[in-house]
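Now for the letters of each chain:
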Amino acid sequence: MTAVQRSAGDGAVRPGDLVEPAPPARAAAPRTRQRLIGIDAARGVALLGMITLHALWESDAAGNPTWSDRAFSGRAAAAFALLAGVGIAFVSGRRRVPAADRPAVAAGMAARAVAIGVVGFLVCAADTTLKAVILPYLAVVFLLAIPLVFLRTWTVAVVGLLLATAGPVGNYFLLPRLPEPELGNPSFIRLVQDPIGMLTELTFTGFYPSPTWLAYVCVGIVIGRQDLSRRRFAALLLAVGTAVAVAAHTASTLLLHRYGGLAHIWAAQPRGDLTAAQTTELLKFGGNGNVPSNTWWWLAVDTAHTGTPPEMFGAAGCAVAVLGLMLLAAHVTHRVLGPVCTVILVALASAGSMTLTFYSAHILFINSDFDTYSAGNGCLVQVVGALLIGLAVRGTVGRGPLEAAVAALANRARRLTTSRGAVRVAATIRATATIPVQASPAPVSAVPAASAPALAPAPASAPAKSPESSTDSTTASAAQAPAATASEGSGSGGPAPDGSASGRSGADGPGSGGPAPRRAQRRPHGPGDGRRRTVRRRAQPGAGQGGGR
């Protein structure tokens, strides 16, 4: 794990890091801090948007959506998923994971998903009135996202584009053939009694269907693999995200109003399962993750949580624009605006570095007896509390308790997988290295007769060797070759994080008196490769002093 990844995980960025100038010798450090502070600040915006959405009223006295509902409904949750994809990109090294590292990365991501799912189930068990807790759904999405880190960046982008365009069409055909969801918070009891039904709801028919939210994760992985420290790329994110969001809303408006989509929806309303009042509510406030299947024109709406292409592109565009804005704000160096942006970013990033802890605490608070405030006062108390507590935690221990627990479990899973893999590789190497020793010393006959010392005429002054001494020396040389091969696979370090291993020249090899070669940490391609190298060294006694492949 690189230093950048460690700082991203342990919240090592402090408020003073953005104010104090860095020495010239470490010019790369400010860019890294700016990138990290921008990502955490974007998470903070998503968290505060979710708190505001849940704390304030959904509709006004006239029955229309409030400003908070219009601003954050569907978009805050989409930003959570997209930024989770950015975090997955950082955890996986911001590149396609090589084959050697895939078991460890997969184990760490799976452990993280299970831990988040357990936290979500525990929060849901508190008898919450909010029936749309996102954590159990995100746990399923994280499990499904594991294969994405093994793909190239352009492949991940294609998968995300297909999920955002063809995914809603597939849901249109699939959902009528699936069981009707309960649309309640998942529980451990239902997981035991009806695992298939609950997993189906968490994956397809619930509030946050996996195809929709996996598309947001794909966008986040693609973005997370780029150089987020560049000002030009931050401006590109802001511009592209804004353009995509505006284009999606414009396309939906044209399809519904100019091309008669809204009229077709109302014409098909008697054939559907929704009443006229429910149809009106769906068009105003959004759905429960999907849209009805009585007419194709439902795929043209862009209200929240409908899972249509306009809604997905609009929510993803808003999330990308917010991320670009936070990254761009970290580059502001104006003598007045610079300090203001720094203060805002640090406050948002402090809350954003503890999203799991604060989101869980927020859900528990609004469903407890402690929430005796009005809607506005309750929202203000939670927002200010998240900012102040976030600053205090980030300035002391560095991360929230749930974040620390989840990270510890994920790191533990990675270490266990890596150590077990190293033990298996070492056992394989030892097994293949001992194969020539168990065989008879017949391979000596493989040396051409013209080069065999035993068949050459001995000089008159040299004493003749007995057959026994020749056999003993041959056996000793045969025993040295497997030992050299075994020493190459006995290194404790294993392969490098990038899947490669570094080597040294033959001057540091065995028998030279120097340190053990780091090339000994390289894995053979298979059991046969170890045997071939061993036989070649037995046939060529001098090969043991040179560098390998």
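Enquirer: I'm lost on the overall build of the chain in this one. Help?
Expert: Per the secondary structure count, the chain includes 21 helices and zero strands. Buried residues in the chain amount to 44% of all 549 residues. Total accessible area on the chain stands at roughly 27,400 Å², and carbon and sulfur atoms take up 64% of it.

Enquirer: Looking at this structure, I do not really get the pattern of salt bridges. What am I missing?
Expert: Pairing is possible between side chains that carry opposite charge, provided their charged atoms lie close to one another. Inspection of every chain in the model, using the stated rule, returns five salt bridges. With a closest N to O distance of 2.7 Å, Asp40 and Arg43 form a salt bridge. Linking Asp40 with Arg43, this pair stays in helix α2 (residues 28–55), spanning three residues, or about one helical turn. Residue Asp40 is classed as buried on the basis of its relative accessible area, which comes to 8%. Here Arg190 makes a salt bridge to Glu182, at a shortest N to O gap of 3.7 Å. Residue Arg190 is classed as buried on the basis of its relative accessible area, which comes to 13%. Because the salt bridges share partners, they merge into one network encompassing Asp40, Arg43 and Arg394.

Enquirer: Honestly, the packing of helix α11 (residues 231–258) against helix α14 (residues 309–329) in this entry has me stumped. Any pointers?
Expert: Each pair of packed helices gets described by two things: the angle between the helix axes and the distance between those axes. Running from N to C, α11 and α14 cross one another at 155°; their axes reach a closest spacing of 7 Å. The pairing of α11 with α14 is recorded here as roughly antiparallel in orientation. Read as a crossing pair, α11 and α14 show a hand that is left-handed. Taking contact as the criterion, the partners of Arg231, Ala234, Ala235, Leu237, Leu238, Gly241, Thr242, Val244, Ala245, Ala248 and Ser252 in α11 are, on α14, Pro310, Phe313, Gly314, Gly317, Cys318, Val320, Ala321, Leu323, Gly324, Leu325, Leu327 and Leu328. Of the residues in the contact of α11 with α14, the class split is 16 nonpolar, six polar and one charged.

Enquirer: Where do I start with the side chain of Glu403 in this structure?
Expert: Mapped onto the elements, Glu403 comes out in helix α18 (residues 401–433). Although Glu403 is buried, it makes no salt bridge; Arg399 carries the closest opposite charge, 7.4 Å away. Within polar-contact distance, the side chain of Glu403 engages the backbone nitrogen of Thr355 at 3.3 Å.

Enquirer: What's the story with unusual backbone geometry in this structure? I'm lost.
Expert: Trans is the common state for peptide bonds, and a negative phi is the common state for residues other than glycine. At Leu183, a residue that is not glycine, the phi angle is positive and equals roughly 55°. Tracing the backbone shows Leu183 in the loop between α7 (153–174) and α8 (188–193). Under the relative-accessibility criterion, Leu183 is labelled partly exposed at 25%. Even without glycine at this site, His305 takes up a positive phi of about 55°. Assignment of secondary structure puts His305 in the loop between α13 (276–285) and α14. Its relative accessible area of 17% is what places His305 among the buried residues.

Enquirer: What should I look at first to understand the packing of helix α6 (residues 135–144) against helix α10 (residues 210–224) in this one?
Expert: Running from amino to carboxyl end, α6 crosses α10 at an angle of 65°, the nearest separation of the two axes being 10 Å. The handedness of the crossing between α6 and α10 is right-handed. Packed against α6, whose contacting residues are Val140, Val141 and Leu144, the element α10 presents Ser210, Trp213, Leu214 and Val217 at the interface. Looking at the contact of α6 with α10 residue by residue, the class counts come to six nonpolar, one polar and no charged.

Enquirer: How should the nonpolar core be read in this particular structure?
Expert: A general trend in soluble globular proteins is that nonpolar side chains are found buried together. Counting 94 residues, the largest nonpolar core has Tyr216 and Leu323 as the members making the most contacts within it. Among the elements that line this core, the one with the most residues is helix α4 (residues 75–91), at twelve residues. Once residues within four sequence positions are removed from consideration, Tyr216 is found in contact with Ala78, Ala81, Leu82, Glu311, Met312, Ala315 and Ala316. Counting eight residues, the second largest nonpolar core, distinct from the first, contains Leu256, Val291, Ala300 and Val301.

Enquirer: Looking at this model, I keep getting lost on the environment of Phe173. Mind explaining?
Expert: Along the chain, the position of Phe173 falls in helix α7. Along the backbone, Phe173 and Ser293 are 120 residues apart, and their C-alpha atoms lie at a distance of 7.6 Å.

Enquirer: So what exactly am I meant to see when it comes to a nonpolar patch on the surface here?
Expert: A cluster of nonpolar side chains, namely Val114, Val118, Leu122, Leu143, Phe188, Leu191, Val192 and Leu199, defines an oily patch on the protein surface of about 690 Å² accessible area. Sorting the residues of the nonpolar patch by element identifies α5 (102–124) and α8 as the ones contributing at least two each. Within the secondary structure layout, Val118 lies in helix α5.

Enquirer: Quick question: what am I supposed to make of the packing of aromatic side chains here?
Expert: Tallied over the full model, the rule gives nine aromatic pairs. An angle of 70° between the planes, with centres 5.3 Å apart, marks the rings of Tyr208 and Trp213 as edge-to-face. These aromatic residues form a ring-pair network of at least three members: Tyr137, Tyr208, Trp213 and Tyr216.

Enquirer: I would appreciate a short explanation of α14 in the present structure.
Expert: Owing to its 3.6 residues per turn, the α-helix aligns residues three or four sequence positions apart on the same side. Over its 21 residues, α14 extends 30 Å from the first C-alpha to the last, a length consistent with the 30 Å expected when each residue adds 1.5 Å. Here α14 lies mainly inside the structure; 15 of its 21 residues are buried.

Enquirer: Help me out: how do you make sense of the environment of Leu391 in this one?
Expert: Mapped onto the secondary structure, Leu391 falls in helix α17 (residues 375–395). Put simply, Leu391 and Ser353 are 38 residues apart on the chain and 9.9 Å apart in space, counted from C-alpha to C-alpha. Those residues within four positions of Leu391 in sequence are excluded, and the remaining contacts are Val346, Ala347 and Ser350.

Enquirer: Would you explain the side chain of Ser360 in this entry?
Expert: Topologically, Ser360 is positioned in helix α16 (residues 355–366). Here Ser360 falls in the buried class, since its relative accessible area comes to 5%. With sequence-adjacent residues up to four places away left out, Ser360 is seen in contact with Val119, Val123, Leu135 and Leu402.

Thresholds applied
- Residues numbered from 1 in each chain as written.
- Predicted model: local features only at pLDDT ≥ 70, side-chain atom pairs only at ≥ 80, totals over all residues.
- Heavy atoms only, no water.
- Helix = DSSP H or I, 4+ residues; strand = E, 2+ residues; numbered from the N terminus.
- Buried < 20%, exposed > 50% of the residue type's maximum accessible area, 1.4 Å probe, protein only.
- Areas by Shrake-Rupley, 256 points an atom, 1.4 Å probe, with all protein chains shown as cover.
- Salt bridge = Lys/Arg side-chain N within 4 Å of Asp/Glu carboxyl O.
- Axes fitted to C-alpha atoms, helices over the stretch in contact; angles between N-to-C directions.
- Parallel < 35°, antiparallel > 145°, perpendicular 65-115°, else oblique.
- Left-handed = near helix turned anticlockwise from the far one by under 90°.
- Contact = heavy atoms within 4.5 Å.
- Nonpolar A, V, L, I, M, F, W, Y, C, P; charged D, E, K, R; others polar.
- Lys, Arg positive; Asp, Glu negative; His and termini not counted.
- Polar contact = N/O pair within 3.5 Å; in protein donor to acceptor, adjacent residues only side chain to side chain.
- Core = buried A, V, L, I, M, F, W, Y, C linked by side-chain atoms within 4.5 Å.
- Patch = residues over 30% accessible without salt bridge, like charges linked within 9 Å, V, L, I, M, F, W, Y side chains within 5 Å.
- Phe/Tyr/Trp six-rings, centres within 6.5 Å; stacked < 30°, edge-to-face > 60°.
- Expected span 1.5 Å × (residues − 1).

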